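# Per-entry structural report
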Amino acid sequence: MAGKKKSPFPSRALGRGLAVSMAGLRAGGALAVDSAIARVLGREEEDSAFARREAQRFAAELGRLKGTYVKIGQMMALFGEHFLPPVLVDALRDLSDQTEPLPWDALESAVRASLGTRFDELDIDPDAVAAASLAQVHLAKIRDSGEWICLKIQYPGLAQMIDADFDAVVRMLLLARWVKSGRDLDNWMQSLRGHLHLEIDYEREARLTARMRELVAGVEPEGVHFHVPAQYPRYCTREVLALEYIEGYPVSATEVAALSQERRNALGRAMLELFFYELYDWGLLQTDPNFGNYLLRLDDRRKKYADDELALLDFGSVLDCSPEFLEHLRGTVDASQRQDIPAIVEGLVGLGCLHPDVGEEGRQMFADFCVHLLEPLRRPEDLPPEYLNEDGEYCWGRSRLMRRAGKQAAASATSRHFIPPSREFALIARKLTGVFNFIAVLDAQFNACDMLERHVAAWRERERHGQA
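Scope of this entry: the structure provided in the associated data block. (Residues numbered from 1 in each chain as written. Predicted model: local features only at pLDDT ≥ 70, side-chain atom pairs only at ≥ 80, totals over all residues. Heavy atoms only, no water.)

Moving on to the overall build of the protein. Broken down by element type, the protein carries 17 helices and ten strands. Residue burial in the protein is summarised as follows: out of 468 residues, 52% are buried. Of the contacts made within the protein by residues no fewer than 6 positions apart, 70% connect residues no fewer than 24 positions apart. Accessible surface computed for the protein: about 22300 Å², of which carbon and sulfur atoms make up 51%. (Helix = DSSP H or I, 4+ residues; strand = E, 2+ residues; numbered from the N terminus. Buried < 20%, exposed > 50% of the residue type's maximum accessible area, 1.4 Å probe, protein only. Contact = heavy atoms within 4.5 Å. Areas by Shrake-Rupley, 256 points an atom, 1.4 Å probe, with all protein chains shown as cover.)

Put into structure tokens, the structure is as follows:
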């Protein structure tokens, strides 16, 4: 008799929580001893090789437990710099979303229960084509039509485990003395918990996918088309999302790097324009810029101008912004492009990222950071000449902007003027970083000032007519 295949993550919530709590307790005791030694020796605690080792040990424990623990760790790596020690954030950044897929015999009964009689209308390939911390993807053929589709299948019992797993991780952080309990921590953790629940709400994702498909159909950047996969509502449930099967290249593929400079520029401009449409026109921002959420379908026809396609694959992390948040964010981007310090400060205060009574030093520090981060959007005469090509166009790859901005952000975070930003603002920063990195990987060369000013002008016009 064949042995039962093992799940990629333990199923018992008590055992999972206990493992994390024990890891936290062990780290807490060890770090307390190391902290006392550090004070005696007069060294910085967070510089301790021991602290780094303990942080890496805990991150490895999350990776071993898999599932929601990996996702929680990744979210804390993205946003934890606002409340976690740098040594722990660095360790959590090494957590990989790639995991061994759950064997089909461990999934089949849950998928059958979710689809009901519709299950027998499909021939589902038992081998997953992709797997991550919250779901995996299988190809399926509709028997009547012979059409192939993709099924994004949520791991069984995931919704029931999120809260328990989140509580276990917070308990670990407190036991390890990496955080102190308080209102700021509670607010951040509640926000992250809510965000994770949204990511596994497939009914919401289905609605947003349909909405984004409608929105991108109305825009056509030069030389590039946007494409959102069609849905198959008959096979969509709370645990299964059925989508059009799309083939293409990731942005890092050698086939993409081999494209002409003109085509790579067009793809880069399309990616940036998509962000501007989301921000200034639609008020819906896809905030997970993972390169795996995009595919490039290249036009292989031999003609002078290619029509490449940017396929947008995942809308589980879409931020539906409030009008007030959008107003402040739009204004801050616009003001940063114009290097208007008072307007930048006003926007940052409105976004909750700066104290209203901050002094001149703090105002200048954060305004400088925004101007720096949005460097590529400046007018051509204000761009750093060392990052321009012979035609005066900004070289996104050569600029190493994200590395430079990251160093400045780390310095700003240590300022007494700094307050942890809202989850929404942190998600936007994550989005912008992903967009800029995508364009840098393309090694695109173009100026973005005219594009931004066009969107800002249209937004201001709608405001005047009461349509924004």
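All right, on to helix α11 (residues 323–338) then. When the terminal C-alpha atoms of α11 are compared, their 23 Å separation across 16 residues agrees well with the 22 Å that a helix rising 1.5 Å per residue should span. Among all positions of α11, only Phe325, Leu326, Leu329, Arg330, Gly331, Thr332, Val333, Asp334, Ala335, Ser336 and Gln337 are buried. Residues of α11 that are buried sit in contact with α10 (261–282), β7 (284–286), α12 (341–350), α13 (360–373), α16 (423–441) and α17 (449–464). Positive phi shows up at Gln339, right after α11, with a value of about 55 degrees. (Expected span 1.5 Å × (residues − 1).)

Here we come to helix α2 (residues 49–65). Spanning 17 residues, α2 covers 25 Å between terminal C-alpha atoms, matching the ideal 24 Å at 1.5 Å per step. Within α2 the residues assigned to the buried category are Ala51, Glu54, Ala55, Phe58, Ala59, Glu61, Leu62 and Leu65. Viewed end-on, α2 has its buried residues packed into an arc of 150 degrees, placing them on one side of the element. (Arc of directions from axis to C-beta.)

Opposite charge on two side chains permits pairing when their charged atoms draw close. Here the structure, examined in full by the defined rule, presents 24 salt bridges. Here Asp281 ties to Arg462 by a salt bridge, and the two come within 3.8 Å at their closest N and O atoms. Residue Asp281 is found in helix α10, and its partner Arg462 is found in helix α17; the two are separated by 181 residues along the sequence. Across the pair Arg379 and Glu453 runs a salt bridge, and its minimum N-O distance is 3.3 Å. Taken together, the residues Arg379 in the loop between α13 and α14 (396–399) and Glu453 in helix α17 connect sequence positions 74 residues apart. When its relative accessible area of 29% is taken as the criterion, Glu453 is described as partly exposed. (Salt bridge = Lys/Arg side-chain N within 4 Å of Asp/Glu carboxyl O.)

Right, let's get into the environment of Val129. Inspection of the secondary structure assignment puts Val129 in the loop between β1 (122–124) and β2 (130–131). The sequence separation of Val129 and Leu139 amounts to ten residues, and the corresponding C-alpha distance is 7.2 Å. In this structure, Val129 is in contact with Val137 and Leu139, ignoring residues within four places of it in sequence.

All right, on to the side chain of Gln445 then. Relative to the helices and strands, Gln445 is located in the loop between α16 and α17. Overall, the relative accessible area of 17% leaves Gln445 in the buried class. Side chain to side chain, Gln445 and Asn389 meet in a polar contact 2.9 Å long. Excluding residues within four positions of it along the chain, Gln445 makes contact with Gln261, Asn265, Asn389, Glu393, Tyr394, Cys395 and Trp396. (Polar contact = N/O pair within 3.5 Å; in protein donor to acceptor, adjacent residues only side chain to side chain.)

Relative to each other, α10 and α17 sit at 15 degrees, their axes nearing to 10 Å. For the element pair α10 / α17, the angle class is roughly parallel. Here α10 runs over α17; the crossing is right-handed. On α17, the residues touching Arg269, Leu272, Glu273, Phe276, Tyr277, Tyr280 and Asp281 of α10 are Met451, Leu452, Arg454, His455, Val456, Trp459 and Arg462. Looking at side-chain class alone, the contact of α10 with α17 contains eight nonpolar, one polar and five charged residues. (Axes fitted to C-alpha atoms, helices over the stretch in contact; angles between N-to-C directions. Parallel < 35°, antiparallel > 145°, perpendicular 65-115°, else oblique. Left-handed = near helix turned anticlockwise from the far one by under 90°. Nonpolar A, V, L, I, M, F, W, Y, C, P; charged D, E, K, R; others polar.)

This next bit is on the side chain of Gln154. Relative to the elements of secondary structure, Gln154 occurs in strand β4 (residues 148–154). Classification of Gln154 as buried rests on a relative accessible area of 8%. Here Ile200 takes part through its backbone oxygen, which lies 2.9 Å from a polar atom of the side chain of Gln154. Once you skip the residues sitting within four places of it in the chain, Gln154 turns out to touch Leu107, Leu134, Ala135, Ala159, Ile200, Tyr202, Arg238 and Glu239.

Glancing now at the sheet that holds strand β9 (residues 308–312). Across the sheet, three strands lie side by side as β5-β9-β8; this open sheet has mixed pairing. Of all the strands in the sheet, just β5 (224–227) and β8 (294–297) have a single pairing partner and so form its edges. For this sheet, the mean angle separating the axes of adjacent strands, direction not counted, is 20 degrees. Along the sheet, α10 makes contact with β5, β8 and β9, crossing β5 at roughly 45 degrees. (Pairing = 2+ DSSP bridges.)

Moving on, we come to the nonpolar core. Ranked by size, the top nonpolar core spans 118 residues in total, and within it Met76, Leu173 and Leu272 carry the most contacts. Sorting elements by how many residues they give to this core places α10 first, with twelve residues. In contact with Leu173, other than residues within four places in its own chain, are Met76, Leu84, Leu88, Trp178, Val179 and Met189. One finds Leu115, Ile124, Ala135 and Leu243 within the second-largest nonpolar core, a separate group that totals 25 residues. (Core = buried A, V, L, I, M, F, W, Y, C linked by side-chain atoms within 4.5 Å.)

This paragraph deals with the packing of α11 against α17. Two numbers describe how α11 lies on α17: the axes approach to 11 Å, and their chain directions differ by 140 degrees. By the angle between their directions, the pair α11 and α17 is classed as oblique. α17 is crossed by α11, and the crossing has left-handed handedness. Taking contact as the criterion, the partners of Glu327, Arg330, Gly331, Val333, Asp334 and Gln337 in α11 are, on α17, Cys449, Leu452, Glu453, Val456, Trp459, Arg460 and Glu463. Class assignment for the residues of the contact of α11 with α17 results in five nonpolar, two polar and six charged.

One pass over the full model with this rule turns up nine aromatic pairs. Judged by centre distance (5.8 Å) and plane angle (50 degrees), the ring pair of Phe275 and Phe276 falls under tilted. Phe276 carries the same exposure label as Phe275, and that label is buried. With a centroid separation of 6.5 Å and 55 degrees between ring planes, the pair formed by Phe276 and Tyr280 is classed as tilted. (Phe/Tyr/Trp six-rings, centres within 6.5 Å; stacked < 30°, edge-to-face > 60°.)

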